[in-house]
Amino acid sequence: GDRIIKLSAHMSAAEHRLLLMIGEFDRREGWKPAGHKDCAAWLEMYTGLNRVTARERVRVARALCELPEKADRKGGCGRADRPLADKSCECRSRNDDEA
């Protein structure tokens, strides 16, 4: 059981990092040079996600960048999660600078 719990924690942390990367990629419009109409289309093409899942990942990634304080308040957040929360704050502050 402990191995399942540990692997699940690693997968959750990896998913969080992935969402932060997607949010930053979308914010910088990294998908435009490849000729895609949006980030979800890029994810669909290069990661094999279906369109609905790709759109949902982009939606969640944007929300994570806009609301990092909620990610910080989730149950069980500890010191190890702090660098990830800091990165989402950086994403938000960059978005604030552009407004």
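A few points on the structure. (Residues numbered from 1 in each chain as written. Predicted model: local features only at pLDDT ≥ 70, side-chain atom pairs only at ≥ 80, totals over all residues. Heavy atoms only, no water.)

## Side note on the overall build of the chain
Link 1 in the chain: Scanning the chain for helices and strands turns up five helices and zero strands.
Link 2 in the chain: Per-residue burial for the chain yields a buried fraction of 26% across its 99 residues.
Link 3 in the chain: Contacts in the chain between residues at least 24 apart in sequence constitute 46% of all its contacts with a sequence separation of at least 6. (Helix = DSSP H or I, 4+ residues; strand = E, 2+ residues; numbered from the N terminus. Buried < 20%, exposed > 50% of the residue type's maximum accessible area, 1.4 Å probe, protein only. Contact = heavy atoms within 4.5 Å.)

## Remarks on the packing of helix 1 (residues 2-27) against helix 3 (residues 51-66)
Helix packing for two helices is described by the angle between their axes and how far apart those axes are.
Link 1 in the chain: For the pair helix 1 and helix 3, interaxial distance at closest approach is 8 Å and the crossing angle is 90°. One way to sum up the angle between helix 1 and helix 3 is to call them roughly perpendicular. Across from E15, H16, L18, L19, L20, I22, G23 and D26 in helix 1, the residues of helix 3 making contact are R57, V58, V60, A61, R62, L64 and C65.
Link 2 in the chain: Split by residue class, the contact of helix 1 with helix 3 holds nine nonpolar, two polar and four charged. (Axes fitted to C-alpha atoms, helices over the stretch in contact; angles between N-to-C directions. Parallel < 35°, antiparallel > 145°, perpendicular 65-115°, else oblique. Nonpolar A, V, L, I, M, F, W, Y, C, P; charged D, E, K, R; others polar.)

## Quick look at the pattern of salt bridges
Link 1 in the chain: If you walk through the whole model with that rule in mind, you get seven salt bridges.
Link 2 in the chain: With its nearest N and O atoms 3.0 Å apart, the salt bridge here joins R27 to E24. Of the two residues, R27 and E24 are both situated in helix 1; the distance of three residues between them amounts to about one turn of the helix.
Link 3 in the chain: One salt bridge connects R28 with E24, and the closest N-O pair in it is separated by 2.4 Å.
Link 4 in the chain: Here R28 falls in the exposed class, since its relative accessible area comes to 57%.
Link 5 in the chain: On the basis of relative accessibility, which here comes to 14%, the residue E24 falls in the buried class.
Link 6 in the chain: Connected through salt bridges with shared partners, the residues E24, R27 and R28 form a single ionic network. (Salt bridge = Lys/Arg side-chain N within 4 Å of Asp/Glu carboxyl O.)

## Notes on the nonpolar core
Link 1 in the chain: One finds L19, L20, I22, W31, C39, A40, L43, L49, A54, V58, A61 and L64 forming the largest nonpolar core, which totals twelve residues.
Link 2 in the chain: Counting residues per element, the ones that place at least two in this core are helix 1, helix 2 (39-47) and helix 3.
Link 3 in the chain: Counting residues per element, this core draws most heavily on helix 3, which supplies four residues. (Core = buried A, V, L, I, M, F, W, Y, C linked by side-chain atoms within 4.5 Å.)

## Structural notes on the packing of helix 1 against helix 2
Link 1 in the chain: Packing of helix 1 against helix 2 brings their axes to within 10 Å, and their N-to-C directions diverge by 125°. Between helix 1 and helix 2, the interaxial angle falls into the category oblique. As for the relative orientation of helix 1 and helix 2, their crossing is right-handed in sense. Across the interface between the two elements, I22, F25 and D26 of helix 1 pack against C39, W42 and L43 of helix 2.
Link 2 in the chain: Tallied by class, residues from the contact of helix 1 with helix 2 come to five nonpolar, no polar and one charged. (Left-handed = near helix turned anticlockwise from the far one by under 90°.)

## Some words on unusual backbone geometry
Link 1 in the chain: Even without a glycine there, the phi angle at E29 is positive, about 55°.
Link 2 in the chain: Mapped onto the fold, E29 is located in the loop between helix 1 and helix 2.
Link 3 in the chain: The partly exposed category is assigned to E29, whose relative accessible area is 36%.

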